[in-house]
Amino acid sequence: MAMTMTQRIIAAHCGESEVRAGQMVLADVDLVLANDITAPVSIKELERHGIGTVFDSGKIALVLDHFVPCKDIKAAQLCTEVRGFAKKHGIKHFFDVGEMGIEHALLPEKGLVGSGDLVVGADSHTCTYGALGAFSTGMGSTDIAFAMATGKTWLKVPAACRFTLRNKPARWVGGKDVILHIIGMISVSGARYMSMEFDGDGLEHLSMDDRFTIANMAIEAGAKNGIFETDALTVQYEKGRREKTVPCSIDPGAVYEKTYEIDLSKLRPVISKPHQPDNTCYADEAGDIPIDQVVIGSCTNGRLGDLAVAAGILRGRKVHPRARTIIIPATQRIYLEALKAGYIETFIEAGCAVSTPTCGPCLGGYMGILAKGERAVSTTNRNFVGRMGHPGSEVYLAGPAVAAASAIEGRIVSPEQLTGGAIE
Amino acid sequence: MKLRGQVIKYGDNIDTDVIIPARYLNTTDEKELASHCMEDIDPAFSSKLRGGDIMAAGSNFGCGSSREHAPAAIKASGVSCVIAKDFARIFYRNAINIGLPILECPAAVEGCSDGDELAVDLDGGIIENLTTGAKYSASPFPGFLQDIIASGGLMKAAEKLVAGK
Ligand code: SF4
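Computed from a predicted model, the values in this text were never measured in an experiment.

What counts and how
Residues numbered from 1 in each chain as written. Chains lettered and ligands numbered in written order. Predicted model: local features only at pLDDT ≥ 70, side-chain atom pairs only at ≥ 80, totals over all residues. Heavy atoms only, no water. 1 Å grid on protein atoms, 1.4 Å probe; cavity = no way out; pocket = protein on both sides within 12 Å on 5 of 7 lines; lining within 4 Å. Points joined across faces, edges and corners; volume = space filled by probe spheres on them. Helix = DSSP H or I, 4+ residues; strand = E, 2+ residues; numbered from the N terminus. Contact = heavy atoms within 4.5 Å. Buried area = accessible area lost by both parts, 1.4 Å probe. Salt bridge = Lys/Arg side-chain N within 4 Å of Asp/Glu carboxyl O. Nonpolar A, V, L, I, M, F, W, Y, C, P; charged D, E, K, R; others polar. Buried < 20%, exposed > 50% of the residue type's maximum accessible area, 1.4 Å probe, protein only. Domains from an automatic or database assignment. pLDDT = per-residue confidence, 0-100. Pairing = 2+ DSSP bridges. Core = buried A, V, L, I, M, F, W, Y, C linked by side-chain atoms within 4.5 Å. Phe/Tyr/Trp six-rings, centres within 6.5 Å; stacked < 30°, edge-to-face > 60°. Polar contact = N/O pair within 3.5 Å; in protein donor to acceptor, adjacent residues only side chain to side chain.

**Notes on the layout of surface pockets**
Residues and elements named next belong to chain A.
(1) Moving on: Empty space within the second largest pocket amounts to approximately 420 Å³.
(2) Moving on: If you trace the second largest pocket, you find 28 residues lining it, with Arg171, Val173, Gly174, Asp210 and Val309 closest to the centre.
(3) Moving on: When contributions to the lining of the second largest pocket are tallied by element, the ones reaching two or more residues are helix H6 (175-186), helix H7 (208-216), helix H10 (304-314) and helix H13 (400-409).
(4) Moving on: The greatest single-element share of the lining of the second largest pocket, amounting to six residues, is contributed by H10.

Listed below in structure tokens is the structure:
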């Protein structure tokens, strides 16, 4: 029977030749992920039920990233619990300060997740790895405790919607603009319980960083996961990181509840206004919106390609005195590569603050909390009430190009609207 | 299981950041989480509670993050059950896994207002609005969830699987 990409991966992990939407299965997992906020809850569950072993110490990844380097005493206590657990069970993929990065940038970079894998994580943006042709999805801490103990997870096989991307996007349009456009089109519940599957000739114009950004925000449309067909770029990305690339493509005749075709060449840079990711408009139609802060980072847009775009716009310019600009490379390796490429120097000369990798302000943790009435443009993925600080503050979501251009102008603009004209 | 309580009603797309803001996630203490439950959208929430209250909400309840702290905060605040038109996927799993009773029933949500008295029969999925006299039936749990509930929650099922190895 013809299956969607997600269904094919699930079938391969529960020993069935076929699965169909709505079916309940118990599937084997390739990797289980938790972080400094969610792992302590999983650890508590394991302890409460007297489970003293994990299924495979080489298939669990624990990443301290949300409040790390620890922002306060309580966060420090949580990290201590995770460190103790990692040590006790000999967890091979444990990442602490000095080598950590934001989990969803770090795991693909290290080759710990890849095409054909089934990955579950106690973090909603676990769906990011679909960029590589994996089935990966976020769950709660109890689900993850179950997976850590048994190496298995319960799944309801999702129905799917298909997004066929066509043509080459314009100069300042990146992955963030594509996914914000889609969420604006289908709403924050438009793909609820479903998988979002991406194919089409437009893929060849999207870098792996663009694809990570798109898959990352599948959850913001309510989806269980996002997944891309694999291609030459996937093979290139996985080379040296993984033994082989497991090809992933849509079966002819696979059933999709909805299909969409998107002409990437027609898009302009998109923003999402408070307080829901589907509240979108084109950046150049935002009107006069002054801003107090810009954040460029997170598991959505803190990768090298994102920093390159921002540096290209900020080079030789200064950020507006009103717009505090915080740049957070997502992993240590990205930080180092940005340093070697000269981006970090560009940022500092432009008047930006550059931070060690952390989730920090993305979830209103620390490193850039907003006061009442303040407004930020952020390359993160959620603009809910109070997400970056005071419930009376506002977050506008954007890609790195709009964020960098807005930092210079002190209000929301698209790069084409920069004073002094466009950039080379 | 039979529950009875007064309705506290909210709209669509109640996300996990308003159920429990991330700035309080530096603890796993459920009482402390409960003390901040819903505060960004409804600062009076904790003063409204009378014990056993029933939260009613629109579509996509619990969208956003995977934080189990969200259903945990609701449960620890003394809410006995959440009835929504439908739930976000991760919240739905989390609520079942930690034992917060939830029901999907658009008609019951449409037909109730703040302060109405409801009687809920969880096993039968029957919701009765004692204030208006209307009766509703909610969609039952799918089979695999009934198995999990029958074994005493997801981690009880894990205990069995681990012991069976
Ligand atoms: S960067 Fe933001 S969205 Fe991503 S894992 Fe961290 S807190 Fe979550």
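**Here's the deal with the interface of chain A and chain B**
(1) Moving on: Taken together, the 52 residues of chain A in the interface contact 42 residues of chain B.
(2) Moving on: Regarding the contact of chain A and chain B, the summed buried area is about 3900 Å², with carbon and sulfur atoms giving 58% of it.
(3) Moving on: The largest contributions to the chain A side of the interface with chain B come from His49(A), Trp154(A) and Tyr193(A), which together make up 15% of the buried area.
(4) Moving on: At the junction of chain A and chain B, the tally comes to four salt bridges.
(5) Moving on: One salt bridge connects Asp86(B) with Arg192(A), and the closest N-O pair in it is separated by 3.3 Å.
(6) Moving on: Only helix H2 (39-48), helix H3 (73-88), strand E6 (135-138), helix H5 (141-150) and strand E7 (152-156) of chain A provide two or more residues apiece to the side of chain A that touches chain B.
(7) Moving on: Examining the composition of the side of chain A that touches chain B, we find that seven residues originate from one element, H5(A), more than from any other.
(8) Moving on: Considering only residue class, the side of chain A that touches chain B consists of 25 nonpolar, 16 polar and eleven charged.

**Focus: the environment of Tyr343(A)**
Residue and element names in this part refer to chain A.
(1) Moving on: Examined against the element boundaries, Tyr343 turns out to sit in helix H12 (residues 343-350).
(2) Moving on: With relative accessibility at 15%, the residue Tyr343 sits in the buried group.
(3) Moving on: Separated by 39 residues in the primary sequence, Tyr343 and Leu304 have C-alpha atoms spaced 9.5 Å apart.
(4) Moving on: Beyond its immediate chain neighbours, meaning those up to four positions away, Tyr343 contacts Leu304, Leu307, Ala308, Ala311, Arg315 and Ala338.

**Let's talk about empty space enclosed by the protein**
(1) Moving on: Counting across every chain of the model gives three cavities of 30 Å³ or more.
(2) Moving on: Empty space within the largest cavity amounts to approximately 240 Å³.
(3) Moving on: Lining the largest cavity are 22 residues, and of these His66(A), Asp123(A), His125(A), Leu363(A) and Arg387(A) sit closest to its centre.
(4) Moving on: Looking at the lining of the largest cavity, its residues break down into seven nonpolar, ten polar and five charged.
(5) Moving on: Both domain 1 (5-264) and domain 2 (271-416) of chain A contribute no fewer than three residues apiece to the lining of the largest cavity.
(6) Moving on: Looking at the second largest cavity, its volume works out to about 150 Å³.
(7) Moving on: If you go around the second largest cavity, you meet 16 residues; those closest to its centre are Val188(A), Ile219(A), Gly222(A), Cys63(B) and Gly64(B).
(8) Moving on: Considered class by class, the residues forming the lining of the second largest cavity number eight nonpolar, six polar and two charged.
(9) Moving on: Composition of the lining of the second largest cavity by domain shows at least three residues from each of domain 1 (5-264) and domain 2 (271-416) of chain A.

**So, the confidence of the model for chain B**
All names here are of chain B.
(1) Moving on: Summary statistics for chain B give a mean pLDDT of 90 and a share of 93% for residues scoring 70 or more.
(2) Moving on: Mean pLDDT values over the elements of chain B span from 67, in helix H7 (residues 143-150), up to 98, in strand E2 (residues 54-57).
(3) Moving on: In the predicted complex, the global pTM is 0.91; the interface-specific ipTM is 0.86.

**What to know about the pairing of strand E15 (residues 324-327) of chain A**
Residue and element names in this part refer to chain A.
(1) Moving on: As paired elements, strand E14 (residues 293-296) and E15 share four bridges and run parallel to each other. Residue pairing in the sheet places Gln293 in a bridge with Arg324 of E15.
(2) Moving on: Note that E15 and strand E16 (residues 353-354) share two bridges and pair parallel. Looking at E16, one finds that Ile326 is bridged to Ala353.

**Considerations on the nonpolar core**
(1) Moving on: The biggest cluster of nonpolar side chains holds 143 residues, and the ones touching the most others in it are Leu62(A), Leu107(A), Phe347(A), Phe61(B) and Ile74(B).
(2) Moving on: Tallying contributions element by element places H13(A) first for this core, with seven residues.
(3) Moving on: There are two domains that each give this core at least three residues, and those are domain 1 (5-264) and domain 2 (271-416) of chain A.
(4) Moving on: Not counting residues within four places of it along the chain, the set of residues in contact with Leu107(A) comprises Leu31(A), Leu33(A), Ala61(A), Val63(A), Phe95(A), Leu112(A), Val113(A) and Tyr129(A).
(5) Moving on: Residues Cys161(A), Ile214(A), Leu264(A) and Ile90(B) belong to the second largest nonpolar core, which totals 44 residues.

**Topic: the environment of Gly90(A)**
Residues and elements named next belong to chain A.
(1) Moving on: As for its position among the elements, Gly90 is in the loop between H3 and strand E4 (93-95).
(2) Moving on: On the basis of relative accessible area, Gly90 is assigned to the partly exposed category, the value being 43%.
(3) Moving on: C-alpha separation for the pair Gly90 and Gly58, spaced 32 residues apart in sequence, amounts to 8.4 Å.

**Concerning the packing of aromatic side chains**
(1) Moving on: Tallied over the full model, the rule gives eight aromatic pairs over all chains.
(2) Moving on: With a centroid separation of 5.4 Å and 25° between ring planes, the pair formed by Phe163(A) and Phe198(A) is classed as stacked. With Phe163(A) in strand E8 (residues 160-166) and Phe198(A) in strand E9 (residues 195-199), this pair connects stretches of sequence that are 35 residues apart.
(3) Moving on: Since its relative accessible area comes to 0%, Phe198(A) is described here as buried.
(4) Moving on: Aromatic pair Phe61(B) and Phe91(B): ring centres 5.2 Å apart, planes at 85°, arrangement edge-to-face.

**Let's talk about the domain arrangement of chain A**
Residues and elements named next belong to chain A.
(1) Moving on: For chain A, the domain assignment lists domain 1 (5-264) and domain 2 (271-416).
(2) Moving on: Between the C-alpha centres of domain 1 and domain 2 the distance comes to 24 Å.
(3) Moving on: On the domain 2 side, the residues contacting the 35 residues of domain 1 number 41 residues.
(4) Moving on: In this assembly, domain 1 packs against domain 2 so that about 2900 Å² is buried in total across both faces, 62% of it on carbon and sulfur atoms.
(5) Moving on: Three residues, Ile102, Trp172 and Lys176, lead the burial of domain 1 against domain 2; their summed loss comes to 23% of the area buried on that side.
(6) Moving on: Our count for the domain 1 to domain 2 interface comes out at one salt bridge.
(7) Moving on: Between Glu220 and Arg382 there is a salt bridge; the shortest N-O distance is 2.4 Å.
(8) Moving on: Our enumeration of links across domain 1 and domain 2 arrives at 25 residue pairs in polar contact (both at pLDDT 80 or more).
(9) Moving on: Looking at the side of domain 1 that touches domain 2, the elements with two or more residues in it are helix H4 (103-109), H6 and H7.
(10) Moving on: Sorting elements by how many residues they give to the side of domain 1 that touches domain 2 places H6 first, with five residues.
(11) Moving on: When its residues are assigned to classes, the side of domain 1 that touches domain 2 shows 15 nonpolar, twelve polar and eight charged.

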